[in-house]
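# Coordinate inspection notes
Chain by chain, the residues run as shown.
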Amino acid sequence: MQQTPTRGHRQLRKGRYSIPGTYYYLTLTTLNKKPLLATSKTADIIFQSFDWLETNDRLRWFCICVMPDHIHIVIQLGSKQTLSRLIQSFKSHTAKQINACLGRSGSIWQPAYHDHGIRRDESLNAIIEYCYHNPVRAGLVKAARDYPFWRCKFEME
């Protein structure tokens, strides 16, 4: 008899490996999918945090899409890093900054996150394209180029 996979954080961590230099596609979601990231100020906190992580050789980011209740990121993991340590640091820092910005307290992020190791260049391009068009699929804009909370190191379209 085949057992149904369990849901939750443990299942997300199953098979997770942190390999420095590997490309990863990450999705981080706000707690209870609250739209806490829907302002330019909160989006800037996200962008500045990834810039700081890159400046400190913890990662190299390629694209960041800040949606109202989640973010999509394509990164290359820095040397001497693990995904869990990197994400914990990012979530802790941004939660404090976002709470201060919004004049609130409490958790910002879901405890877990989704990660996918990218294995081929063509997959990297497809995932970046997917992130780029996410605001259109969500009905936030008619054209991806019109979405203000998107950063990419490559020219799109």
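The preceding data block contains the structure.
Below, the structure is looked at part by part. (Residues numbered from 1 in each chain as written. Predicted model: local features only at pLDDT ≥ 70, side-chain atom pairs only at ≥ 80, totals over all residues. Heavy atoms only, no water.)

### Examining the packing of helix H2 (residues 40-55) against helix H3 (residues 83-102)
In plain terms, the rule: All axes are obtained by fitting lines to C-alpha atoms, using only the stretch in contact for helices, and the reported angles, taken between N-to-C directions, cover 0 to 180 degrees. Starting at the N terminus, helices and strands are each numbered in turn, a helix being any DSSP run of H or I of at least four residues and a strand any DSSP run of E of at least two. Rotating anticlockwise by less than a right angle from the far helix to the near helix defines a left-handed crossing, while the corresponding clockwise rotation defines a right-handed one. Note on contacts: a residue pair is in contact if any heavy atoms of the two residues lie within 4.5 Å. Under this grouping Gly is polar, as are all residues other than the nonpolar Ala, Val, Leu, Ile, Met, Phe, Trp, Tyr, Cys and Pro and the charged Asp, Glu, Lys and Arg.
Axis separation between H2 and H3 bottoms out at 10 Å; the angle between their running directions is 150 degrees. Our pair here, H2 against H3, has a crossing hand that is right-handed. The residues of H3 that touch H2, namely those facing Lys41, Thr42, Ile45, Ile46, Ser49, Phe50 and Leu53, are Leu86, Phe90, His93, Thr94, Gln97, Ile98, Cys101 and Leu102. Broken down by class, the residue content of the contact of H2 with H3 amounts to nine nonpolar, five polar and one charged.

### Overview of the side chain of Thr29
Test applied: A 1.4 Å probe rolled over the protein chains alone gives each residue an accessible area, and that area as a share of the maximum for its type sets the label: buried under 20%, exposed over 50%, partly exposed in between.
Turning to its location among the elements, Thr29 is positioned in strand S1 (residues 23-29). A relative accessible area of 19% places Thr29 in the buried class. Discounting chain neighbours no more than four positions away, the residues touching Thr29 are Asp69, His70, Trp109 and Gln110.

### Observations concerning the nonpolar core
Where we set the bar: Among the buried residues, those of types Ala, Val, Leu, Ile, Met, Phe, Trp, Tyr and Cys that are joined through side-chain atoms within 4.5 Å form a nonpolar core.
Of all hydrophobic cores here, the largest spans 47 residues; its most connected members are Phe50, Ile71, Val74, Trp109 and Trp150. Of all elements in the fold, only S1, H2, strand S2 (59-66), strand S3 (70-77), H3, helix H4 (121-137) and strand S5 (150-152) reach the threshold of two or more residues within this core. It is S2 that provides the largest number of residues to this core, a total of seven residues. Those residues in contact with Phe50, other than ones at most four positions away along the chain, are Leu59, Trp61, Ile64, Ile71, Ile73 and Phe90.

### What to know about H3
The periodicity of an α-helix, 3.6 residues per turn, causes residues three or four places apart in sequence to face the same way. What counts, and what does not: To estimate the expected span of a helix, subtract one from its residue number and multiply by 1.5 Å.
Between its terminal C-alpha atoms H3 stretches 27 Å, which fits the 28 Å expected from 20 residues at 1.5 Å a residue. Buried residues along H3 sit against S1, H2, S2, S3 and strand S4 (114-118). Residue Gly103 follows H3 closely and has a positive phi angle near 65 degrees.

### Describing the sheet that holds S2
Counted only if it meets this: Pairing between two strands requires that DSSP report at least two bridges joining them.
What the five strands build is an open sheet, ordered S4-S1-S3-S2-S5; its pairing is antiparallel. A strand with exactly one partner marks an edge of an open sheet, and here the two such strands are S4 and S5. Geometrically, the sheet is characterised by an average inter-axis angle of 20 degrees between neighbouring strands, direction not taken into account. Both S2 and S3 contribute to a ladder of seven bridges, which runs antiparallel. Bridge pairing in S3 links Cys65 to His72. The sheet contacts of H2 involve S2, S3 and S5, and relative to S2 the element is tilted by about 170 degrees. Contacting S1, S2, S3 and S4, H3 crosses the sheet at an angle of about 40 degrees to S1.

### Details of the packing of aromatic side chains
Two aromatic rings, taken as a pair, are described by how far apart their centres are and by the angle between their planes. Counted only if it meets this: Two aromatic rings from Phe, Tyr or Trp, using only the six-membered ring of Trp, form a pair when their centres are within 6.5 Å; if the ring planes differ by under 30 degrees the pair is stacked, by over 60 it is edge-to-face, and anything between is tilted. A positively charged side chain is recorded as over a ring if its NZ (Lys) or CZ (Arg) lies within 6 Å of the ring centre. The angle to the ring normal must also be within 35 degrees.
Scanning all chains against the criterion turns up seven aromatic pairs. Seen from their ring centres, Tyr147 and Phe149 are 5.6 Å apart, and the 80 degrees between their planes marks the pair as edge-to-face. For the pair shown, Tyr147 and Phe149 are each scored as buried. By the ring-pair criterion, three or more aromatic residues cluster together here, those being Tyr23, Phe62 and Phe154. Directly above the ring of Tyr130 sits Arg137, whose terminal nitrogen or CZ lies 4.0 Å from the centroid. Positioned above the aromatic ring of Trp61, the side-chain terminus of Lys153 is 4.4 Å from the ring centre.

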